[in-house]
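# Analysis of the macromolecular model
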Amino acid sequence: MSHVEDELNSQPECWIRAAEEAGRHAGALPDAGERVAIVGCGTSYFMAQAVAALREGAGQGETDAFAASEFPRGRSYDRVVALTRSGTTTEVLDLLGQLRGRTRTTALTADPATPVMTAADDLVVLDFADERSVVQTRFATTALTLLRAHLGLHTDAVVADARAALTSPLPEGLVDCTQFTFLGRGWTVGLANEAGLKMREASLSWTEAYSAMEYRHGPISVTTEGTATWMLAEAPAGLAEQVRGTGALWVEGTLDPLAELVRVQCLAVAVAAHRGLDPDRPRHLTRSVILAD
């Protein structure tokens, strides 16, 4: 079993622990009413998109998400939350350094022996969700679970759905598809973006991700026989029929959207195996992007 397989299979247990510990970390996490920006790179950026939509949708306050390198320096926030598994990503550390003394910062990380531990004002360490694989699975979803629990949006049903995602077979013919499109709505647009990234990283697949309502505005033109369109949330009326009419495989999400992401992780590993690839060693990638001065 690859590292990434072992790590993605451990997610239900990680989520349970994160939800249990959310209260202990409440002092380091945004209070209701704070104006917040959430930043990250790669997978962490897409988790930031999901959390930002969840928080603002829950009435907790204005919340934006940015790639760390694209943070708007002229904006004012009560708190900036940085998601960084490795704690060493250059863009994140640079941003935290620039914000020190001006804006309160919180870092969620997996490794307590990294520079981020002194770069942020407040810290949440999820070392039990750290990973050996370059490809992120359980740290990202565990961090999101912690933040969902902090917002009062996590339930035991999410864990049950994750277990179902790990044991349910993938739709017939899905592994053989040549292109994959992932769709979301609201907070699940970030999950759709992450689903596409996971497939690219682990299996070198051609993938795209969109807001479901935007999909009809051009992207559906690439949908045809041998491609798949996966809806991670409730589908807009008529979209499933329209996709099936192109000859593509339609995959309807029936589990909690975070559990649907776990299904996509399983698909990425399955496609990698089908193509003779090692998902633990994606080409051109490292665990952390550390740039020279």
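Heads up: the structure comes first, above all this text.
Right, let's walk through the structure included here.

Reading guide: rules and limits
Residues numbered from 1 in each chain as written. Predicted model: local features only at pLDDT ≥ 70, side-chain atom pairs only at ≥ 80, totals over all residues. Heavy atoms only, no water. Helix = DSSP H or I, 4+ residues; strand = E, 2+ residues; numbered from the N terminus. Buried < 20%, exposed > 50% of the residue type's maximum accessible area, 1.4 Å probe, protein only. Contact = heavy atoms within 4.5 Å. Pairing = 2+ DSSP bridges. Axes fitted to C-alpha atoms, helices over the stretch in contact; angles between N-to-C directions. Core = buried A, V, L, I, M, F, W, Y, C linked by side-chain atoms within 4.5 Å. Expected span 1.5 Å × (residues − 1). Polar contact = N/O pair within 3.5 Å; in protein donor to acceptor, adjacent residues only side chain to side chain.

### Structural notes on the environment of V269
Tracing the backbone through its elements, the reader meets V269 in helix α11 (residues 257-274). A relative accessible area of 11% places V269 in the buried class. Note: C-alpha distance between V269 and A202 (67 residues apart in sequence) is 6.6 Å. If sequence neighbours within four positions are ignored, V269 has contacts with V4, E5 and L8.

### A word on unusual backbone geometry
Even without glycine at this site, L204 takes up a positive phi of about 55°. Residue L204 is classed as partly exposed on the basis of its relative accessible area, which comes to 38%.

### Here we look at the sheet that holds strand β6 (residues 179-184)
Strand order across the open sheet formed by four strands is β7-β6-β8-β9, with parallel pairing between neighbours. Because the sheet does not close on itself, it has two edges, and the strands there are β7 (206-211) and β9 (249-252). Averaged over neighbouring strand pairs, the angle between their axes works out to 20° when direction is ignored. Two elements, strand β8 (residues 227-231) and β9, share four bridges in a ladder whose sense is parallel. When the bridges of β9 are listed, M231 appears paired with E252. Contacting β6 and β7, helix α8 (residues 188-203) runs over the sheet at an angle of about 160° to β6.

### What about the nonpolar core?
L108, L144, F180 and L191 are the most contacted members of the largest nonpolar core, which has 54 residues in total. Counting residues per element, this core draws most heavily on α11, which supplies eight residues. Beyond its immediate sequence surroundings of up to four residues, L191 is in contact with M47, A50, L144, L232, P257, L258 and L261.

### Section: helix α3 (residues 43-57)
Since the α-helix advances by 3.6 residues per turn, residues separated by three or four positions end up pointing in the same direction. Look at α3: 21 Å from first C-alpha to last across 15 residues, which is about the 21 Å you get at 1.5 Å a residue. Residues T43, S44, F46, M47, A48, A50, V51, A52, L54 and R55 constitute the buried set of α3. The elements touched by buried residues of α3 are β1 (36-40), β2 (63-67), β3 (79-84), α6 (138-150), α8 and α11. G59 sits one or two positions beyond α3 and adopts a positive phi of about 75°.

### Structural notes on the environment of D111
Within the secondary structure, D111 is located in the loop between β4 (104-109) and α5 (116-119). Look at D111 and you get partly exposed, because its relative accessible area is 22%. Along the backbone, D111 and R85 are 26 residues apart, and their C-alpha atoms lie at a distance of 6.9 Å. Filtering out sequence-adjacent residues up to four positions away, D111 remains in contact with R85, S86, M117 and D130. At a separation of 2.9 Å, a polar atom in the side chain of D111 contacts the main-chain amide nitrogen of A113.

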